[in-house]
Amino acid sequence: NTGGKTLTNVFINGAGSSYILAAALTQTAGFTLSAGIFNTGNFNMTMASINYGNTAARTLTLGSSAITLTATANVLTGTAVTNLTVTANTAVITSTGNVTGNNNLLVLFGINWNGLSWVHNGGGQYSINASGGTLSSLTLNGVAAKTEAVRFTTNITITGTFAVNGNSAVNRVL
């Protein structure tokens, strides 16, 4: 329990360890899961980004949490990803950063995110690198700009709804 305090980075790297939130979590920087088990306890979370990359055994339980991510690049990402288990969930991640320069909004690395829904409200020119990853739903909401664009660099599986919503008839997501 953070006692209502805002944290900076949270880095979990405890092989065989287990962490569960006892209250909502607010951070000004990124969250990294490198080893161990992390469970949101169904509490809401606000942070810049989530990095899940590593080869150590990790389990991520998102539950029914509402998670807000504010970064402007690599909002959900990881490298050298193996041994990651994402448990069944109904969580919703909402990204609000204006991702520019075709930086990655999310990198799924072929992982089944087991019910996770993603909503992007931040606009920008961004990439989605799924590498065969699976989401429950993906919603891309445009902003008041004529320069917004999304690029899918690899295949993605969406088991529910895929929606792209422009801000107006002239401000569309391309």
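For clarity, every value in this text was computed on a predicted model and none was experimentally measured.

Visitor: Which residues make up the pairing of strand E12 (residues 117–120), and what values go with them?
Guide: What you see with E12 is no split at all: Ser-117 and Val-119 on one side and Trp-118 and His-120 on the other are buried throughout. Pairing geometry for strand E10 (residues 92–95) and E12, over four bridges, is parallel. If you follow Thr-94 over to E12, its bridge partner there is Val-119.

Visitor: I'd like a description of the packing of aromatic side chains, backed by residues and values.
Guide: Taken as a whole and assessed by the stated rule, the structure comprises three aromatic pairs. Consider the rings of Phe-31 and Phe-38, whose centres lie 4.7 Å apart with planes at 55 degrees: the pair is tilted. The class of Phe-38 is buried, set by a relative accessible area of 4%. Here Phe-152 and Phe-162 contribute two aromatic rings whose centre-to-centre distance is 5.9 Å and whose plane-to-plane angle is 75 degrees, an arrangement assigned as edge-to-face. Highlighted residues: Phe-152 in strand E16 (residues 149–152) and Phe-162 in strand E18 (residues 162–165), separated in sequence by 10 residues.

Visitor: Describe a nonpolar patch on the surface, with residues and values.
Guide: On the surface, a cluster of nonpolar side chains totalling about 250 Å² of accessible area is made up of Phe-152, Phe-162 and Val-164. Using a relative accessible area of 43% as the deciding quantity, one classes Phe-162 as partly exposed.

Visitor: Got a sec to walk through the environment of Val-150? Specific residues and values, please.
Guide: In this structure, Val-150 sits in strand E16. Separated by 13 residues in the primary sequence, Val-150 and Ser-137 have C-alpha atoms spaced 16 Å apart.

Visitor: Can you tell me about the side chain of Ser-117, naming the residues and giving the values?
Guide: Looking at where Ser-117 falls in the secondary structure, it is placed in strand E12. You can call Ser-117 buried: its relative accessible area is 13%. Not counting residues up to four positions away in its chain, the partners in contact with Ser-117 are Ala-91, Val-92, Ile-93, Ser-136 and Ser-137.

Visitor: Go over the side chain of Glu-148, please, and point to the residues and values.
Guide: Inspection of the secondary structure puts Glu-148 in the loop between strand E15 (137–141) and E16. At a separation of 2.9 Å, a polar atom in the side chain of Glu-148 contacts the main-chain amide nitrogen of Val-143.

Visitor: So what's going on with the confidence of the model for the protein? Residues and values would help.
Guide: Confidence along the protein averages 91 in pLDDT terms, with 99% of residues attaining 70 or more. For the protein, strand E11 (residues 99–107) is the element with the lowest average pLDDT, namely 86, and strand E7 (residues 66–69) is the one with the highest, namely 97.

Parameters and conventions
- All residue numbers here refer to positions counted from 1 along the written sequence of the relevant chain.
- It should be noted that, the model being predicted, local features are given only for residues of pLDDT at least 70 and side-chain atom pairs only at 80 or more, the latter also being counted only at that level, while totals for whole chains, interfaces and linings use all residues.
- Side-chain metrics in this entry use all non-hydrogen atoms of the structure; hydrogen atoms and water are not considered.
- Type-normalised accessible area, obtained with a 1.4 Å probe on protein chains alone, sets the label of each residue: buried when under 20%, exposed when over 50%, and partly exposed for intermediate values.
- Numbering goes from the N terminus for both helices and strands, where a helix is a DSSP run of H or I of at least four residues and a strand is a run of E of at least two.
- Any two strands with at least two DSSP-identified bridges between them are counted as paired.
- When two rings of Phe, Tyr or Trp (its six-membered ring) have centres within 6.5 Å they constitute a pair, described as stacked for plane angles under 30 degrees, edge-to-face for angles over 60, and tilted for the intermediate range.
- The residues that make up patches have over 30% relative accessible area and no salt bridge, and they are joined within 9 Å when like-charged or within 5 Å when they are Val, Leu, Ile, Met, Phe, Trp or Tyr.
- The protein chains shown are the only cover counted for residues, whose accessible areas, like all others here, come from Shrake-Rupley with a 1.4 Å probe.
- Just to be clear on terms, a salt bridge is a Lys or Arg side-chain nitrogen sitting within 4 Å of an Asp or Glu carboxyl oxygen.
- A contact between two residues is defined here by any heavy atoms of the two lying within 4.5 Å.
- Residues adjacent in sequence count toward polar contacts only when both atoms are side-chain atoms; beyond that, a polar contact is any pair of N or O atoms within 3.5 Å, and within protein one must be able to donate a hydrogen and the other to accept it.
- pLDDT: the predictor's confidence for each residue, scored from 0 to 100.

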